[in-house]
Amino acid sequence: ISIESYTTVRDVKKMMMKILDFAEHRYIYYSIYEICIKDQITEERFIEDNEKVCDVLSLSTKDKLRASKNNEHIEFQLYLKLLIFYPFDQHDYDTIGVLYYQTLYDVQSGKFKLSKEQIISLAALQTLNEFSNDYDSAYRYLHNNLNKYVPAVNSDNLSQEEWIQKIMELYTSISSYSRTDAMWNYLEELKHSSTYQTQQFDAKFDQNNETNDEKIPEDCVIGIKPNGIMILDKDRNEIVFFKYEVIMSWGISNEQFVIMIPNEENV
């Protein structure tokens, strides 16, 4: 995509969606998403539509130069990401594709609390989507890249050989699925998870707040869902969930996010 000094993030988003042949009326549901990978941490953010793309690239270039001087690793990636979730069905191929890869990233980043059986099922569907019925290529790749199929937080639950055996057994049994079927079923597998369709943000809870009846830890995760706001611990265990209709008021600053709940519960 060609850009000029005045090109905004909104302009780039629209151009990307046109190239991908997405329905034009849905551009408001999407955003450009920035991922910054550093030595020890990963920072993520949705970029505002009115930001100039050149400003975004300039800031990342400065950070790269600063990191290079300090002999540190830093990497920036930009993605088209679904910002606001909307209803879709099995024939909505645009949405299925985007949401599949978006959810795949969240799974591999440990943003879902999953059982071994769920991980095996998801990994088999991912393998089918990537390799279709090419068993030999799928096995070789899985053997050398298991970390791309099993989240790091769960990798010790089974040995590498056990993971591969169970994934390939299930992969073989569902070989009749098309790629779209595989992506759709991947999403269906997660549909009942509490963090499905949740934008998650690392946060620190104010421990001086006297209304912390839910025992929210200082290091927590705020999950923005289509129907409410969830607070989780770092292991993705749900602590409390507030539906939007019970939230009386909310406010934000550069460093704080505040919501007010009835019954004198202030979070």
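Residues numbered from 1 in each chain as written. Predicted model: local features only at pLDDT ≥ 70, side-chain atom pairs only at ≥ 80, totals over all residues. Heavy atoms only, no water.

## Quick notes on the sheet that holds strand 3 (residues 74-82)
Within the open sheet, the 3 strands sit side by side as 2-1-3. Their pairing is antiparallel. Where the open sheet ends on each side, the last strands, each with one partner, are strand 2 (42-47) and strand 3. When strand polarity is set aside, the average angle formed by the axes of neighbouring strands in this sheet is 20°. Contacts from helix 1 (residues 9-19) reach strand 1 (30-38), strand 2 and strand 3, with the element oriented near 105° to strand 1. Taken strand by strand, helix 3 (residues 93-108) contacts strand 1, strand 2 and strand 3, and its axis lies near 140° from that of strand 3. (Pairing = 2+ DSSP bridges. Helix = DSSP H or I, 4+ residues; strand = E, 2+ residues; numbered from the N terminus. Axes fitted to C-alpha atoms, helices over the stretch in contact; angles between N-to-C directions. Contact = heavy atoms within 4.5 Å.)

## As for the nonpolar core
Counting residues in each nonpolar core, the largest one holds 48 residues, and the members touching the most others are Tyr30, Trp163, Ile167, Tyr186 and Leu190. By residue number, the principal contributor to this core is helix 4 (residues 116-131), which donates 8 residues. Residues in contact with Leu190, not counting those within four places in the same chain, are Thr103, Val107, Phe112, Leu114, Leu122 and Tyr196. The next biggest cluster of nonpolar side chains, apart from the first, holds 11 residues, and it includes Ile216, Ile222, Phe242 and Ile261. (Core = buried A, V, L, I, M, F, W, Y, C linked by side-chain atoms within 4.5 Å. Buried < 20%, exposed > 50% of the residue type's maximum accessible area, 1.4 Å probe, protein only.)

## Looking at the packing of aromatic side chains
Aromatic ring pairs are described here by two measures, namely the spacing of the ring centres and the angle between the planes. Summed over the entire model, instances satisfying the criterion amount to 10 aromatic pairs. The interplanar angle of 75° and the centroid separation of 4.8 Å between the aromatic rings of Tyr100 and Tyr101 together place this pair among those described as edge-to-face. Classification of Tyr100 as buried rests on a relative accessible area of 0%. Residue Tyr101 is classed as partly exposed on the basis of its relative accessible area of 45%. For the pair Tyr100 and Tyr186, a centre-to-centre distance of 5.0 Å together with 80° between the ring planes defines the contact as edge-to-face. Of the two residues, Tyr100 is situated in helix 3 and Tyr186 in helix 7 (residues 179-190); the sequence distance between them amounts to 86 residues. Comparing Tyr100 with Tyr186 shows no difference in burial state: the two are buried. Every member of this aromatic cluster is reached through a ring pair, and the members are Phe22, Tyr29, Tyr30 and Tyr86. The ring of Tyr33 has Lys81 lying over it, and the distance from NZ or CZ to the ring centre is 3.7 Å. (Phe/Tyr/Trp six-rings, centres within 6.5 Å; stacked < 30°, edge-to-face > 60°. Lys NZ or Arg CZ within 6 Å of the ring centre and 35° of its normal.)

## Observations regarding the side chain of Asp233
Considering the arrangement of structural elements, one finds Asp233 in strand 6 (residues 228-233). No salt bridge is formed by the buried Asp233. Its closest oppositely charged neighbour is Lys113, at 6.7 Å. At 2.9 Å, the side chain of Asp233 forms a polar contact with the backbone nitrogen of Asn237. For Asp233, the contacting residues outside a window of four places in its chain are Pro217, Val221 and Ile239. (Lys, Arg positive; Asp, Glu negative; His and termini not counted. Salt bridge = Lys/Arg side-chain N within 4 Å of Asp/Glu carboxyl O. Polar contact = N/O pair within 3.5 Å; in protein donor to acceptor, adjacent residues only side chain to side chain.)

## Some words on the environment of Gln199
Positionally, Gln199 belongs in strand 4 (residues 199-204). Separated by 66 residues in sequence, Gln199 and Asn133 place their C-alpha atoms 33 Å apart. A polar atom in the side chain of Gln199 sits 3.3 Å from the backbone oxygen of Leu83.

## Focus on the pattern of salt bridges
Taken as a whole, this structure holds 12 salt bridges when the rule is applied. With a shortest N-O distance of 3.2 Å, Lys234 and Asp202 are connected by a salt bridge. Taken together, the residues span a long stretch of sequence, with Lys234 in the loop between strand 6 and strand 7 (238-243) and Asp202 in strand 4 at a distance of 32 residues. Counted as one network, the salt bridges with shared partners bring together Arg10, Lys13 and Asp49.

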